[in-house]
Amino acid sequence: MNTQPIGIFDSGIGGLTVAKAISKILPNEQIIYFGDTANLPYGDKSPKLIHSYVQNISEFLLTQQNCKSIVIACNTASATSYNFLRDKHKGSVPIINVIDPIIEAIVKDDTLKTVGLIATKTTVESGVYQEKMERRNSNIKIKVLATPLLAPMIEEGFSHDKISKTVIENYLNHPNLQNIDALILGCTHYVLIKDEIDSFYNGKVRLFDSTDLLALKLKRILEKENLISNQKIKDDLFFVSDLTPSFITSAKRFYGQNIDLKLISI
Ligand code: DGL
C-alpha cells in the first residue's frame with residue numbers, strides 16, 4: 001500500500017477529463033492536479049518552450065508534492081516532452097502519457113484500417129502518433145488534421161449549440177479525414193464534444209480518447225509496481241498557475257463537479 005499522491009498535469013483544465021477518469025477507476029488514490037493556465041495554450045507553442053514548462057511542473061509534482069507517479073494529461077505535452085520525462089525518471093517513478101493507451105487500443109483492433117486524428121497544431125506537427133504506430137509495425141494508415149479552433153471553442157463554453165455544430169462539421173468534412181474507420185480525439189478538451197462528433201458520424205466511426213484507457217493503464221502499472229493505495233487518506237488538490245473566474249466555471253464543466261482551484265506559483 002502506497003498513499004503518496006498521483007501527479008497529473010495539463011496546459012490548463014482540459015486534463016481534468018483525465019483526472020476525473022482516474023478518480024473513478026482509482027477511487028482510493030489521492031490526486032494532485034496542476035493546470036498551467038498561465039502558459040496555455042500549449043497547442044501553438046514550440047516543443048522547446050513546452051519542454052521548459054514540463055520540467056518545472058514535474059519538479060513541483062515530484063519534489064514538492066512527493067508524487068509516486070506522473071500523468072501527462074495533455075496531448076501536446078505528451079507529444080513534445082514524454083520521452084524526456086521518461087528517460088529522466090527511469091526506474092524511479094512511472095510516467096504515463098495520454099498517447100500510448102490510445103495507440104495500444106488501436107493496434108490491438110485488427111478491424112481498423114484507416115484512422116483519423118484531430119489534435120492541436122503542435123501535436124499534429126510532432127508526427128508522434130504516426131511514429132508510435134510505425135514502431136509497433138502497424139499497417140494502419142493515419143489521416144491527420146490540426147483542429148486549433150476546437151479547444152478554445154470548448155473552453156469558452158461553446159458546445160452542443162449552432163457554433164460547435166458548424167465548427168465540428170467544417171473540420172470533420174475536411175478531405176484529410178474522409179473514409180476513416182475510427183477517429184482519435186487527440187486533445188483532452190475534445191472529450192466534452194465526443195457525443196457531438198459521434199452524432200456527426202451517426203455512430204459509424206469509432207472514437208478513441210484517453211480518459212478511461214489511460215486510467216486503466218495507470219491502474220495496471222500501479223498494481224504491477226506495488227504502488228496502489230487501498231485507502232484514500234487525503235483530499236485531492238487542484239492547482240493552477242493563473243486563476244480567473246472563467247477557469248473556475250470551465251473547471252466545473254470539465255470535472256463534472258465543483259472543485260476548489262488553488263493558485264500557485266512554481
Ligand atoms: N490540453 C491540450 C492538449 O491536450 C490542448 C490545449 C492547449 O493547446 O493547451 O493537447
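Below: a short report on this structure. Just so it is clear, the structure is predicted and the values come from calculations on it, not from any experiment. (Residues numbered from 1 in each chain as written. Predicted model: local features only at pLDDT ≥ 70, side-chain atom pairs only at ≥ 80, totals over all residues. Heavy atoms only, no water.)

Details of unusual backbone geometry
Convention followed: Only DSSP runs of H or I reaching four residues or more are called helices, and only runs of E reaching two or more are called strands; each is numbered from the N terminus. Between buried and exposed lies partly exposed: a residue is buried under 20% and exposed over 50% of the maximum accessible area for its type, with that area taken using a 1.4 Å probe on protein chains only.
The step from Leu-40 to Pro-41 runs through a cis peptide bond, and the omega angle for that step is -5°. Positionally, Pro-41 belongs in the loop between strand 2 (31-35) and helix 2 (47-64). At Asn-179, a position not held by glycine, the phi torsion is positive, near 55°. With respect to the helices and strands, Asn-179 occurs in the loop between helix 8 (162-172) and strand 7 (182-186). Taking the relative accessible area as the measure of exposure, Asn-179 reaches 68% and is therefore exposed. Although it is not a glycine, Asn-202 sits at a positive phi angle of roughly 50°. Of note, Asn-202 is situated in the loop between helix 9 (194-200) and strand 8 (206-208). Note on Asn-202: relative accessible area 60%, which makes it exposed.

Details of the site of the ligand
Short version of the rule: One heavy atom within 4 Å of a molecule or strand makes the whole residue count as near it. N or O atoms within 3.5 Å of each other form a polar contact, as long as, within protein, one can give a hydrogen and the other can take it, and as long as residues adjacent in sequence are counted only when both atoms are side-chain atoms. Computed with a 1.4 Å probe, the accessible areas rest on the Shrake-Rupley method; for each residue, only the protein chains presented here act as cover. The residue classification treats Ala, Val, Leu, Ile, Met, Phe, Trp, Tyr, Cys and Pro as nonpolar and Asp, Glu, Lys and Arg as charged. All others, Gly included, are polar.
Lining the immediate environment of the ligand, one finds Asp-10, Ser-11, Pro-41, Tyr-42, Gly-43, Cys-74, Asn-75, Thr-76, Thr-120, Cys-187, Thr-188 and His-189. Tyr-42 is positioned such that a nitrogen or oxygen atom in its backbone is 2.7 Å from an oxygen atom of the ligand. Contact between the ligand and Asn-75: an oxygen atom at 3.0 Å from a main-chain N or O atom of the residue. Bound to the protein, the ligand loses 96% of the 300 Å² it would expose on its own. Of the residues contributing to the shell around the ligand, the split by class is four nonpolar, seven polar and one charged.

Remarks on the pattern of salt bridges
Quick reminder of the rule: Salt-bridge detection follows one rule: a side-chain nitrogen of Lys or Arg within 4 Å of a carboxyl oxygen of Asp or Glu.
What the rule picks out here adds up to 15 salt bridges. Between Asp-87 and Arg-86 there is a salt bridge; the shortest N-O distance is 3.0 Å. Residue classification places Asp-87 among the partly exposed residues on the basis of a relative accessible area of 43%. On the accessibility criterion, Arg-86 (30% relative accessible area) is partly exposed. Of the charged contacts in the structure, one is a salt bridge between Lys-132 and Asp-100, with a shortest N-O distance of 2.9 Å. Taken as a pair, Lys-132 in helix 6 (residues 128-135) and Asp-100 in helix 4 (residues 100-108) lie far apart in primary sequence, 32 residues in all. Accessibility assignment for this pair places Lys-132 and Asp-100 in one class, buried. Overlapping salt bridges bring together Arg-86, Asp-87 and Lys-90 as one network.

So yeah, pure geometry; function would need other evidence.
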